[in-house]
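# Results of the structural survey
The lines below spell out each chain.
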Amino acid sequence: MKSGREPLIGSPPWTASAGRRRRLAEGTPPPSPCTGGRPRSMTTAPTLSSESGNYYTSRRAHTLTVLFILTCSLVYVTLLEETPQDTAYNTKRGIVASILVFLCFGVTQAKDGPFSRPHPAYWRFWLCVSVVYELFLIFILFQTVHDGRQFMKFIDPKLGVPLPERDYGGNCLIYDPNNKTDPYHNLWDKMDGFVPAHFLGWYIKTLVIRDWWMCMIISVMFEFLEYSLEHQLPNFSECWWDHWIMDVLVCNGFGIYCGMKTLKWLSMKPYKWQGLWNIPTYRGKMKRIAFQFTPYSWVKFEWKPASNLRRWLAVCGIIFVFLLAELNTFYLKFVLWMPPEHYLVLLRLVFFVNVGGVAMREIYDFMDDLKFHKKLGQQAWMVAAITVTEFLIVVKYDPYTITLPLPFYVTQCWILGIVLVLLWTAWRFFIRDITLRYKEIRRQKQEYRPEEETSHVNGGTNSERNFSKQKNL
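As annotated in an unreviewed UniProt entry, the protein chain is Phosphatidylserine synthase from Engystomops pustulosus. In its Subcellular location (unreviewed entry) section, the UniProt entry covering the protein chain states "Endoplasmic reticulum membrane". Taken verbatim from the UniProt record of the protein chain, the Function (unreviewed entry) comment is "Catalyzes a base-exchange reaction in which the polar head group of phosphatidylethanolamine (PE) is replaced by L-serine."

Laid out in structure tokens, this is it:
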């Protein structure tokens, strides 16, 4: 299967060139810039011959329809609805209405991303949600600590109250002989709703990253971070078997395994689409509707971090931002006094699930392109900005917790790990290249010397033979 980058499939057909419109009508896959203009393999670029008839209708932005509905809604609120006298309620409703108007604009007018299934408007919606979320974070960042926490009451009156952090450590005996009624009570206490959440989370992360090694590195690294930061957040304190057996092996490992199996199926699945109304049977129509929520085409991510220094630094940066976003989940709810089961925490996770896949694809395209002047994708830019802003909120709202010094043995372990990574980087991309270049030069010299000796045996060098010829003449 071809492992190069697939064409951007989210671009609307009404902006396509005449050649692309002709290819859509004929069902010919678009030419690949990586193959000198030759068509891509049909395993990665699906046929559109039977779907192109209704492609223009199903992919239209419907700008006039959305504008008409929005205008009717505003006219109804202005002329037919009586405005309530509750100032707080009107303020909330005005903010929500402003956000909805912005989302309507973005869904119809924003630039398409790399994904088009189930519909390009779906991904434009999440792009606009990321803009709204970043603006909300900026607003929280510019408040005082007290005002920012009390502002959360404006969203939910139950918030704005300090909460105790749950400690998952304590008694770490898997089998407790002192408890005659339930000797495995420690194990059952850890089996809460976060166990299936860990599995589902890592299943989705594997679909986003599409690489077994990167997923395992992030999974193990986060457990080391929990070990290192449990003196700051009691929530990070867990038993050893909770870290390495339940999390890394069972929940994360099984989620990564199922994700890789899904990726293998998606890479082998034939992508030949057919229009819904061209399918004769009801079973075929239902199957086509279900496949609308699968990718339009597929590309295998080959990160190749050791291929060159640029890709190595980029992969290290991706892992760092990924781990920082994971830590922000715990620190944000700690500094903003949100319980883990609150719907805002869940909505944030749903948000990152939807924007993470697009951001990772845009980062991969950015790394895979040889043009250094290419711009970073819009969703990747927003995810990076959101992650940094969340961390700045944590630093501002609780600098005492975030600056608690690491234990001495933890500091030694991290220094040793960083030194080993730096030494490997220097050896792989500098010392090794110099050594290989030196060996190549020596090999060329050794091959050149036998040629000189052979020429001496056969009558001297070329210059000596020419001189003897001139002397004889």
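Next, the rest of the story.
Attention now goes to the layout of surface pockets. The space that makes up the second largest pocket amounts to roughly 1,400 Å³. Met-221, Ile-319, Leu-323, Trp-414 and Val-421 are, among the 40 residues lining the second largest pocket, the residues nearest its centre. Contributing elements (two or more residues each) for the lining of the second largest pocket: helix H9 (212–229), helix H12 (309–335), helix H14 (378–397) and helix H16 (408–457). The element contributing the most residues to the lining of the second largest pocket is H12, with 11 residues. Residues of the lining of the second largest pocket, tallied by class, amount to 33 nonpolar, five polar and two charged.

The grouping of Val-75, Tyr-76, Val-77, Leu-79 and Leu-80 at the surface amounts to a nonpolar patch, some 520 Å² of accessible area in total. Mapped onto the elements of the fold, Val-77 is located in helix H3 (residues 63–80). What makes Val-77 partly exposed here is its relative accessible area of 38%.

So, about the confidence of the model for the protein chain. Confidence in the prediction for the protein chain averages 79 pLDDT; 74% of positions are at 70 or higher. The least confident element of the protein chain, judged by mean pLDDT, is strand S1 (residues 47–50) at 43; the most confident is H14 at 95. The low-confidence segment residues 1–45 (pLDDT under 50) makes 92 contacts with residues lying over four places distant or belonging to another chain. This stretch, residues 47–57, has a pLDDT under 50; its non-local contacts, to residues over four places away or in other chains, come to 32 contacts.

With that settled, the discussion passes to the packing of helix H8 (residues 194–209) against helix H10 (residues 240–268). Relative to each other, H8 and H10 sit at 40 degrees, their axes nearing to 7 Å. By the angle class used here, H8 and H10 are oblique. For the pair H8 and H10, the crossing hand works out as right-handed. Counting all contacts with H8, which are made through Val-195, His-198, Phe-199, Trp-202, Tyr-203, Thr-206 and Leu-207, the residues of H10 involved are Met-246, Asp-247, Cys-251, Asn-252, Phe-254, Gly-255, Ile-256, Cys-258, Gly-259, Met-260, Thr-262 and Leu-263. Its residues assigned to classes, the contact of H8 with H10 comprises 12 nonpolar, six polar and one charged.

Here we take up empty space enclosed by the protein. Going through the model one piece at a time under the given rule, you end up with two cavities of 30 Å³ or more. Of the volumes computed, that of the largest cavity is approximately 80 Å³. Taken together, Lys-111, Asp-112, Gly-113, Pro-120, Trp-123, Arg-124, Leu-127, Val-358, Glu-362, Gln-378 and Gln-379 form the lining of the largest cavity. When residues of the lining of the largest cavity are traced back to their parent elements, those giving at least two are helix H5 (120–141), helix H13 (343–368) and H14.

This next bit is on unusual backbone geometry. Glycine aside, a negative phi is what most residues show, and trans is what most peptide bonds show. Here the phi dihedral of Lys-304 falls at roughly 45 degrees; this positive angle occurs in a residue that is not glycine. Relative to the elements of secondary structure, Lys-304 occurs in the loop between helix H11 (282–291) and H12. Its identity is not glycine, yet Trp-337 carries a phi of approximately 60 degrees, on the positive side. Here Trp-337 is to be found in the loop between H12 and H13.

This paragraph deals with the packing of aromatic side chains. The description of two aromatic rings rests on the distance between their centres and on the angle between their planes. Under the criterion given, the structure shown has 25 aromatic pairs. Ring centres of Tyr-122 and Trp-126 lie 6.3 Å apart, and the angle between their planes is 70 degrees; on these two criteria the pair is classed as edge-to-face. Placement of both Tyr-122 and Trp-126 in helix H5 is noted, with a separation of four residues, approximately one turn of the helix. Residue classification places Trp-126 among the buried positions, given a relative accessible area of 13%. When the ring of Phe-136 is compared with that of Phe-151, the centres are 6.3 Å apart and the planes differ by 40 degrees; the resulting orientation is tilted. Of this pair, Phe-136 sits in helix H5 while Phe-151 sits in helix H6 (residues 145–155), and the two are 15 residues apart along the sequence. Overall, Phe-136 belongs to the partly exposed group, its relative accessible area being 25%. An aromatic cluster of three or more residues is present, and its members are Phe-115, Tyr-122, Trp-123, Phe-125, Trp-126, Tyr-133, Phe-351 and Phe-352. Geometry around Phe-154 places Lys-92 over its ring, the cationic atom sitting 5.3 Å from the centre. Stacked on the ring of Phe-301, the Lys or Arg Arg-210 has its end atom at 4.2 Å from the ring centre.

What counts, and where the lines are drawn
Residue indices begin from 1 for each chain and proceed along its sequence in written order. Two thresholds apply to this predicted model, a pLDDT of at least 70 for residue-level local features and 80 or more for giving and counting side-chain atom pairs, whereas whole-chain, interface and lining totals are computed over all residues. Only heavy atoms go into the side-chain values, all of them from the structure, while hydrogens and water stay out. UniProt positions are given in the numbering used here, feature names are shortened, and annotations may be inferred rather than shown by experiment. Cavities and pockets are defined on a 1 Å grid built over the protein atoms alone: a cavity is a set of grid points where a 1.4 Å probe fits but cannot escape, while a pocket is an open set with protein on both sides within 12 Å along at least five of seven lines, and lining residues are those with an atom within 4 Å of any such point. Grid points are joined across faces, edges and corners, and a volume is the space filled by probe spheres set on the points. Strands here mean DSSP runs of E at least two residues long; helices mean DSSP runs of H or I at least four residues long; both are numbered from the N terminus. Under this grouping Gly is polar, as are all residues other than the nonpolar Ala, Val, Leu, Ile, Met, Phe, Trp, Tyr, Cys and Pro and the charged Asp, Glu, Lys and Arg. A residue counts toward a patch only above 30% relative accessible area and without a salt bridge, and it is joined to like-charged neighbours within 9 Å or, for Val, Leu, Ile, Met, Phe, Trp and Tyr, to nonpolar neighbours within 5 Å. Reported accessibility uses the Shrake-Rupley method at a 1.4 Å probe radius. Residues are deemed covered only where the shown protein chains occlude them. By definition here, a salt bridge exists when the distance from a side-chain nitrogen of Lys or Arg to a carboxyl oxygen of Asp or Glu is within 4 Å. The buried label applies to any residue whose accessible area, calculated with a 1.4 Å probe on protein chains only, is under 20% of its type's maximum; exposed applies above 50%, and partly exposed to all values in between. pLDDT expresses how confident the predictor is about each individual residue, on a scale running from 0 to 100. Throughout, a contact is declared for two residues whenever any of their heavy atoms are within 4.5 Å. Every angle, taken between N-to-C directions, lies between 0 and 180 degrees, and every axis is a line fitted to C-alpha atoms, over only the stretch in contact when it is a helix. When describing relative orientation, an angle under 35 degrees is termed roughly parallel and one over 145 degrees roughly antiparallel, while 65 to 115 degrees is termed roughly perpendicular and anything else oblique. Whether a crossing is left-handed or right-handed is set by the direction in which the near helix is turned from the far one by less than a right angle, anticlockwise for left-handed and clockwise for right-handed. Stacked, tilted and edge-to-face pairs are distinguished by plane angle, under 30 degrees for stacked and over 60 for edge-to-face with tilted covering the rest, among Phe, Tyr and Trp rings (Trp via its six-membered ring) whose centres lie within 6.5 Å. By definition here, charges over rings are those cases where NZ of Lys or CZ of Arg is within 6 Å of the ring centre and within 35 degrees of the ring normal.

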